[in-house]
Structures are given as C-alpha cells and as structure tokens.
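# What the coordinates show
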Amino acid sequence: MSLPRYAARRALVGAGQVVGVATVVFVLTEALPGDAAVVIAGDQPDPARIALLRDQLDLDRPAWQRYLDWLADLASGDLGVSLVSQRPVAGVLAAGAAPTVLLAAATLLLLVPLSVGLGMLAARREGGRLDRALSATAVGLYAVPEFALALLLVAVFGIRLAWLPPTAVGTGGDLLSRPAVLALPLVVLLARPFCSLSRLTRAGMIEAMRAEHVAHARRLGVPERRLRLVHALPNALAPVAQQLARTTDWLLGGVIVVEAVFVVPGLGTALVDAVTARDVPTVQGLCVLVAVTTVTVNLAADLVAFRLAPRVGAAA
Amino acid sequence: MTSVIPMPAARLTRRGLLGGAAAAASATLLAGCGDSPTGTASDRPRRGGRLRAVFAGGGAQETLDPHLANLFNEASRAKAMFDKLADYGPDVSIRPRLASGWEPDAGLTRWRITLREATFHDGRPVRAADVLYSYARITDPKRAFRARASLELIDLRGSRAVDDRTVELALRRPFAEFPNVLAAFGAYVVPEGADAFDRPVGSGPFAFGAFQPGRSLLLKRYADHWDGAPHLDELEYLVANEESARINALLGGQADYAHDVTPTTARTYAGDARVRITRMANSTMQALAMKVDRPPFDNRDLREAMFLLTERQQLVDTVLSGAGQVGNDLFGKGYQHYADDIAQRVPDLDRARFLVERAGARGLRIPLDTAPVASGFVETASVFAEQARQVGLTVEARSGNKDTYWKDILTGGVLACYRSGAMPIETHISQRLLSTSTTNATRWRRPDFDALYARAVSSTDEQTRRQAYGDMQRVLHAEGGFLVWGFADFLVATSPRVGGVSAAAPANTLDWARFDKVWLG
C-alpha cells in the first residue's frame, strides 16, 4: 500500500474514533450521579433551587437532544459554552493547552536524545558495565510512581534545599515567565518514559545488530559507526516511535498527578475541574481535544514506522 | 445562605493542633512580635506591598459575580471587592457595614436603612437605588442565586428609596432578625444595572485589576473605601487545589498566605520559622444528622441513646486531631443566643444501653451515610461505629458520591455525617429546623417548635426573644435530630511577614479571609 493511501485510510478511521469517543464520554458523563445543578446547589440542596438551576442550565431537555445539538455545533466548529461560567469552551481549552503543550514539548525535546542516545550506548556492549548500570537505574526509576517522585523532589529540592521553586503557583499558566518552575515537573515527566524508551532502544539495537542485513553490511566492510546509525538504528526505532507516540499522547492529555502537585493549570486539571462541576460541554470539548491529539499522534507514529520499516507499518 | 460552601473540588479542612486554648494563644500571637527582626511582621500596620494569598479554586468555572460566590476563594474575593449592608461579627452577631444603621417600624414589617457615605470604584456614590437593584437581582425568580432564599422575605414592590442614602424595605411578615438577612451569604451590593462581572465594579476595599479564572486574580487598593483604605497596595489571589501544594508554595516563598490547611500540616511546621498558623475557633459544626421522621430515629429513646453513647472528646482528638472543642448537640457554640446554660452532655454508656434496650434496638444495624465531601467525614463514621458497638448498635458506614452528597442525604437514609459553617442561630433554625425549611436534613417538623420560632422572630422584646431561643435549644438538646459532637477550628498558614490576620473570626464571618486589615513586613 502507498503511504498517501495508508494515511488517508487512517485519517478517516481517526475521525470516526473521535466521534465515538465523544459519544461514549457523553453517555458516561450523563451516567454520573448528579448534574451541574446538584453540584452548584452544594450543601444547600433546596429542591426548588435545583429545579430552577436545571431549567436555567437547559438540563431539562432529554439527553439525546442536547447531544445532537452539541454534535451539530461541533460540526460547525463551535464547542459551545461552559454550563457553569457561560464562557466559551474553546477558551478553556486554549488556556489549559498552553502549559500542557509547553511541558510536553520540553519533555520530548529532552527525552528523545537522552533515551535514544543512552539506549544506543548501552547496546554497544550488551551486559557491559554501562549496560548493567543503565538497566538497573531504568528498572529502579520505573518502579517509582509519578506522584511519589514528585512529592519527593518537592520536599528535597523545593523545600529543604530550596534550590528550585516547589510549585508553579503565581505563574498563571505562563510557565516560561519563570522557567525555573519547569525543572521539577520535567524531571518527573521524563523519569518513566526515559526508562521505557532507553530500554526499547537498547533491545532494538541489539536485535538489529544481529540481523542478517547488518551482518551482510559488516562483511562488505561498512564502518561500525555507519553500521549502527544507518543500518541498525532505523529498524530499532520503529517500536521506539510507537512507544514515543504513547508517551506524547500521555503528555498531551495533561498528566493530572504532576499538574496537581506542581499546580500547573493544564488540561488534566481542567478536566478534573470540569468533571467535578458536571460541566458537560467543557468535559466534551476537552475529550474531543484529547481524542484528536491521540489519533493524530498515533497516526503520525504509524506513518513514521511505516517509513522506517514498511513491513511493520503495513501489517498494523 | 449557609456556610461558605466549598464545591466538592475544594478540600475542606478545618482542624488544628491544640484544641480550645489554642485560639486564644494565636490571638495574641500576632500582637506579641515586638521589635521585628527582618522578615517578621511588625505589630503595627505597614503600608504597601502585594500579598499573595493561595486558596483552593474552582477551575475555569470560577466567577467574579458576588451573588454567585460559592467557594472559599470566591467568598473572599467578593468580600474584597464588594460590601454587604451588614456582616457577621466574631460572635456571629450582626455588624453594620454599608448600612450605618437600621430602624424597624412598630410592626417589624418596614425597615428604614441608612447608608454610609460610600463610593464605588468608578467614583459613583452607593445609593439606595443600588441596594434595591442588587436585592431585585438576587431575588429574581428566574435565577437561582444563593441568597435568594434569605432575601425573599423582602417585598421589593412595597420597598422604596426614600432618598439616595435611605432605603425603606418592606417585609412580607414581621421579622425582628432582619439584620441577619442584610448579612446573608452573597447579599452584596452591586451598582445599579450591573449584570456582567468580567471587570467588576464594587464598593469594597480592593478594586479589580486582572483575572484568569482558576488561576489568579489581581486586585488593587481602593484608597477611598469608607472603612479606611487597605494597608496593602495589591492583593493577588492564587489557586492551588491540593493542600500540600498550598503549604509548599508558602514554604517556597511563592505565596504569603495559605488558606485552609490541615492540622497535620500545622503540627509538621509548628517549630518552623517560615510558617505561622492562625486558628479560628468555632468555625465548623461537626454533627451526625438523625432523621426523626422515620425508623429507627423516630424513637426518642434511641436518639437520646445516641447522644449518650458519643465519646465526643475522642472524636475531637481523632477526627479533628484535637483542633476543636466538644459540642453539646446544639449549633452555634460561642455565637449570639447560644444556650450555654445547658449542661454539657457527657457519655453515659449504662443509660445508653438501657435506652437502646427500651427502644428494642439491640443489635440493630444502622447505615451511616458518609462521603469524602468534607474533611473528617469518613473518619467520623468509623470512629462513631466503634463507639456505638459498645451499647449494642451496629452502625455501618455507607460511603456515597461526594458530588451529590448533600442532596442525597437531604431526603435519603436515616443517619448522615453533617457539618455547617458559621451563621446566626436564627438562620440555622429557619433553614434547617422548621416545617417549611427547604434543607431540613433531620426532618424535624414540630408545630410547637415552629411557634416558638415565630415568637422569637416577631417580638420586639429582646427578653422574649432570648427566652424563645433558649426554649428551642432546650427542646433540640433533649430530643433533636442533630448530634453535634464538636466544633472544628479553621486553620490558615501565613508567612511571618504577614500581620493582622484575625484569629477571632469563625469561617464565614467578616474578618475571616479578609485582607483589608492585613499588612506585610
């Protein structure tokens, strides 16, 4: 299959997936106990007030009608307004996306060279000292959950040593206004993806270096350095690309734990707030954004894998 | 009008370390600084600076409409930018604010209110018309503002502006406690015609600067405030939903004031020079709500057995980590009209067992509704279950959905964890304990009790009112549905640079989360 045809087919499937996700999320949100009116009423659940709120928020209409309206608006590019604040959902998404995208981009920028580089180094001498040290570190680090690592780093570097700001409080989402606040969240976000990607690169390289075509190239006298970079690496990177896609996806969804500990007002926080408030249009908007991101990132990864090792891509 | 009600996202914690005596101790804390070394607040107010206060927030859903204020940070912001005609003092009695005074007619149905000379941030004077407009907006039948239930008593069509600084409010029925209404939660005065609050204009001590919903709000000193201009030049509200993040921001020098911290935090940093804890005693009533209209708690003996089996000090020590005081099955300890002449109930397990036996309830399984909707609820349920076991009752904790908890327990179940912030005792009764109350979680409906209430609020005689409040509380103490086991302190952490934070302000009262009397350095 040609690359453009493959891409077109996958894009079409992706669009269907986004609508599917939106539908499932709508059904699930509706299935949650209580609605925005109940949440707004809080501990003053006067039934008449709840009824009035429900009427005001247009929650009286059947769920399927509200869903179809929302879908029609979506088709024309309108994500609607928040049930609670009446501000446009698009604004909420943009505000939440800025810090999330920044963190994701910075993480990836460090992650790829770091993990691929160290993975390749470890693969040079399988079982060597460097390999064993890297493996031990990677497995150990991978075992630490994000929130534990985050709290630990804050306690040590933020509070005790006071080398770095413990939270991003006060930046208002503009993390670049004080780049130091990025340091600790970046370390946490890097930790586990670094482990899995460096391990994958290492394994891929070792396997590729044993492959027939590399052995053939070696017999032809291709220098070792060229052998690794040109002949082995592309094959080793196909699984890495797909793992990287999963990581990117995870980062772009807003890593809630990291956002909560460091007070980064990103997409994860926005989603938690919206679900708590039963703000259905905002929940829907966020889920569509996340679904589109997921589909796009995975499509890109598959296309890269397709390019790197066509047989793998075609089989997928 | 109720307590400041955090939406479920907001972490609610008002506990502390040392119990009752701590409040008095912290009250003197700020005054005791003496010659201040660098970095510690002086005991005299200082002008200038920007105070950064970090609160739990409501995300992108936050609003600056003072009539919609719901969360702690929204309540505090509303207080900074707007004024009410009256507000709650430290004992939850009513203090005049924008109103300089009020005078009812002999029938208690027409109240003449005199306004202070005050101006909005844009320079316009605060007039009677602004008051009438604000109250009309709040009570608009098509909208659902929180204060509407309290203000509905006002007949706006019969009310009028006598002149710019005098407003005459007509009531639908005689009501001696009308000033309570003027101080109702969310009853703020906004300029006539104001309906959008993207850039709010109020008459409060701070004027609007910049707003990012769920992130920050910057306010600026309003030099012409009628109650004296603030000491601070700027006040910045920041948001951190996790309590640990709030205290970390304070420790890291990213904030000067962290609202609502846990007793564990207070204990951890007790000896830390970077943190100062202020305790506001009597802030939150902690209770169990028994539904008196259905089995098993329609049985008076069983209710009394519940009162007597409760080891209150143990609940205070465990659930509140000692940061609070025991309750006496009555709301409003330390507030105006509180019946402190009623003896404190102490555990009497023998009598409790006898009453359980007499009610035929031995071995009875009683579901206790709880949810992680307020701090300590889940712990309360497990500690109480243990206590009930000793008299032969099997109380089983049943954890519900935190987002819908209050609605669920209003009508469902038989026994539920309950709490309330500060409000006048009259308000507590009218909202929760009358046949007509819309949030009557104990289903307490007694015509004779309603009559006592009616006598209290329709009498011009202070002695008659006091007597009626006392009688009502005696009935509730003897056989009511609220088992009030304690009152929790509300805890706030500040940097030592911050001065003037009042400790004598239960949550929801005027001086709580108030910044115009606070200074830096």
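- The name given to chain B in an unreviewed UniProt entry is Peptide/nickel transport system substrate-binding protein, with Micromonospora haikouensis as the source organism.
- For the record of chain B, the UniProt heading Sequence similarities (unreviewed entry) holds the text "Belongs to the bacterial solute-binding protein 5 family."

- An unreviewed UniProt entry lists chain A under the name Peptide/nickel transport system permease protein, with Micromonospora haikouensis as the source organism.
- You can read under Subcellular location (unreviewed entry) in the UniProt record for chain A the words "Cell membrane".
- What UniProt records for chain A under Sequence similarities (unreviewed entry) is the sentence "Belongs to the binding-protein-dependent transport system permease family."

### Section: the overall build of chain B
- Each helix and strand counted, chain B has 15 helices and 21 strands in total.
- Taken over C-alpha atoms, the radius of gyration comes to 23 Å for chain B, in line with the 24 Å a tight globule of 521 residues would show.
- For chain B, the C-alpha atoms occupy an extent of roughly 70 × 60 × 40 Å along the three principal directions.
- For chain B, the distance from the average site of its 65 positive side-chain charges to the average site of its 61 negative ones is 2 Å.

### Observations regarding the UniProt feature "domain: ABC transmembrane type-1" (unreviewed entry) in chain A
- When the UniProt feature table is mapped onto this chain numbering, "domain: ABC transmembrane type-1" (unreviewed entry) sits at residues 97-305 of chain A.
- Annotated as residues 97-305 of chain A, this span is 78% helix and 0% strand, and its ends, taken at the C-alpha atoms, are 27 Å apart.

### Some words on the interface of chain A and chain B
- Chain A puts 47 residues into the contact, and the matching count from chain B is 47 residues.
- Summed over both sides, the interface between chain A and chain B buries roughly 3,600 Å², with carbon and sulfur atoms accounting for 57% of that surface.
- A per-residue breakdown of the area chain A buries against chain B is headed by Asp43(A), Gln44(A) and Ile159(A), which together make up 18% of the total.
- For the pair chain A and chain B, the number of links is 3 salt bridges.
- Linking Arg278(A) and Asp403(B) is a salt bridge whose minimum nitrogen-to-oxygen distance equals 2.8 Å.

### Let's talk about helix α4 (residues 63-75) of chain A
Residues and elements named next belong to chain A.
- Across its 13 residues, α4 extends 18 Å between first and last C-alpha, which sits within 8% of the 18 Å expected from 1.5 Å per residue.
- Considered for burial, the residues of α4 that qualify are Arg66, Tyr67 and Trp70. Each buried residue of α4 lies within a common arc of 100 degrees when the element is viewed along its axis, so the set occupies one face. For α4, exposure combined with an orientation more than 90 degrees from the buried face picks out Trp64 and Ala75.
- Looking at the buried residues of α4, the elements they touch are α1 (3-31) and α13 (280-308).
- Looking one or two residues beyond α4, the residue adopting positive phi is Gly77, at roughly 80 degrees.

### So, the pairing of strand β19 (residues 482-494) of chain B
All names here are of chain B.
- When you tally the buried positions in β19, you get 13 out of 13 residues, the bulk of the element.
- In this structure, strand β13 (residues 257-259) lies alongside β19, joined through 3 bridges in antiparallel fashion. Of the residues in β19, the one forming a bridge with Tyr257 is Thr494.

### Section: the pattern of salt bridges
- This model, assessed by the stated rule, comprises 59 salt bridges over all chains.
- The shortest N-O distance in the salt bridge between Arg61(A) and Asp58(A) comes to 2.9 Å.
- Its salt-bridge partner being Arg148(B), residue Glu152(B) comes within 3.1 Å of it at the nearest N-O pair.
- Of the residues examined, Glu152(B) reaches a relative accessible area of 36% and is grouped as partly exposed.
- Via salt bridges that share partners, Asp83(B), Arg97(B), Asp227(B), Asp511(B), Arg514(B), Asp516(B) and Lys517(B) belong to a single interconnected network.

### Examining the packing of aromatic side chains
Residue and element names in this part refer to chain B.
- Taken as a whole, this structure holds 21 aromatic pairs over all chains when the rule is applied.
- Relative to Tyr237, the ring of Phe55 has its centre 5.5 Å away and its plane inclined at 50 degrees; by these criteria the two rings are tilted. On the criterion of sequence distance, the pair formed by Phe55 in strand β1 (residues 50-55) and Tyr237 in strand β12 (residues 234-239) is long-range, its members being 182 residues apart. Tyr237 shares its class with Phe55; the two are buried.
- Measuring from ring centre to ring centre gives 6.4 Å for Phe55 and Phe515, while their planes differ by 70 degrees; the resulting arrangement is edge-to-face. One end of the pair, Phe55, is in strand β1; the other, Phe515, is in the loop between β20 (498-499) and β21 (519-520), with 460 residues separating them in the sequence.
- In this structure Phe515 comes out as buried when scored by relative accessible area, which is 3%.
- Grouped by ring-pair contacts, the aromatic residues Phe377, Tyr405, Trp406, Tyr418 and Phe482 constitute a single cluster.
- Positioned above the aromatic ring of Trp444, the side-chain terminus of Arg446 is 4.2 Å from the ring centre.

### Concerning the side chain of Arg514(B)
Residues and elements named next belong to chain B.
- Along the chain, the position of Arg514 falls in the loop between β20 and β21.
- The class for Arg514 is buried, based on a relative accessible area of 12%.
- A polar contact of 2.7 Å, which involves the side chain of Arg514, links it to the side chain of Asp511.
- Of note is the side chain of Arg514, whose polar atom sits 2.7 Å from the side chain of Asp516.
- For Arg514, the residues in contact, after removing those within four places along its chain, are Lys79, Arg97 and Asp227.

### Topic: a nonpolar patch on the surface
- On the surface, a nonpolar cluster with roughly 410 Å² of combined accessible area is contributed by Leu152(A), Val156(A), Leu161(A) and Trp163(A).
- As for its position among the elements, Val156(A) is in helix α7 (residues 146-160).

### Re the UniProt feature "domain: Solute-binding protein family" (unreviewed entry) in chain B
- UniProt feature "domain: Solute-binding protein family" (unreviewed entry): in the numbering of this structure it lies at residues 94-420 of chain B.
- Between the end C-alpha atoms of residues 94-420 of chain B the distance is 19 Å, and the span holds 25% helix and 28% strand.

### Here's the deal with α1(A)
- An ideal rise of 1.5 Å per residue puts 42 Å on 29 residues; α1(A) measures up with 41 Å between its terminal C-alpha atoms.
- Among the residues making up α1(A), those that are buried are Tyr6(A), Gly14(A), Val18(A), Ala22(A), Val25(A), Phe26(A) and Thr29(A).

### Considerations on the domain arrangement of chain B
Residues and elements named next belong to chain B.
- Taken domain by domain, chain B comprises domain 1 (41-82 + 204-275 + 495-520), domain 2 (84-192) and domain 3 (282-489).
- Taken over C-alpha atoms, the centre of domain 1 sits 33 Å from the centre of domain 3.
- Each partner contributes residues to the interface: domain 1 has 7 residues there, and domain 3 has 7 residues.
- Sorting the residues of domain 1 by area buried against domain 3 places Pro263, Pro506 and Ala507 first, and these three jointly supply 66% of that buried surface.
- Inspection of the domain 1/domain 3 interface yields 0 salt bridges.
- For the pair domain 1 and domain 3, the number of links is 2 residue pairs in polar contact (both at pLDDT 80 or more).
- Split into classes, the residues belonging to the side of domain 1 that touches domain 3 amount to 4 nonpolar, 2 polar and 1 charged.

Criteria and cut-off values
Residues numbered from 1 in each chain as written. Chains lettered and ligands numbered in written order. Predicted model: local features only at pLDDT ≥ 70, side-chain atom pairs only at ≥ 80, totals over all residues. Heavy atoms only, no water. UniProt positions renumbered as here; feature names shortened; annotations may be inferred. Helix = DSSP H or I, 4+ residues; strand = E, 2+ residues; numbered from the N terminus. Rg over C-alpha atoms; globule rule 2.2 N^0.38 Å. Lys, Arg positive; Asp, Glu negative; His and termini not counted. Charge placed at Lys NZ, Arg CZ, Asp CG, Glu CD. Contact = heavy atoms within 4.5 Å. Buried area = accessible area lost by both parts, 1.4 Å probe. Salt bridge = Lys/Arg side-chain N within 4 Å of Asp/Glu carboxyl O. Expected span 1.5 Å × (residues − 1). Buried < 20%, exposed > 50% of the residue type's maximum accessible area, 1.4 Å probe, protein only. Arc of directions from axis to C-beta. Pairing = 2+ DSSP bridges. Phe/Tyr/Trp six-rings, centres within 6.5 Å; stacked < 30°, edge-to-face > 60°. Lys NZ or Arg CZ within 6 Å of the ring centre and 35° of its normal. Polar contact = N/O pair within 3.5 Å; in protein donor to acceptor, adjacent residues only side chain to side chain. Patch = residues over 30% accessible without salt bridge, like charges linked within 9 Å, V, L, I, M, F, W, Y side chains within 5 Å. Areas by Shrake-Rupley, 256 points an atom, 1.4 Å probe, with all protein chains shown as cover. Domains from an automatic or database assignment. Nonpolar A, V, L, I, M, F, W, Y, C, P; charged D, E, K, R; others polar.

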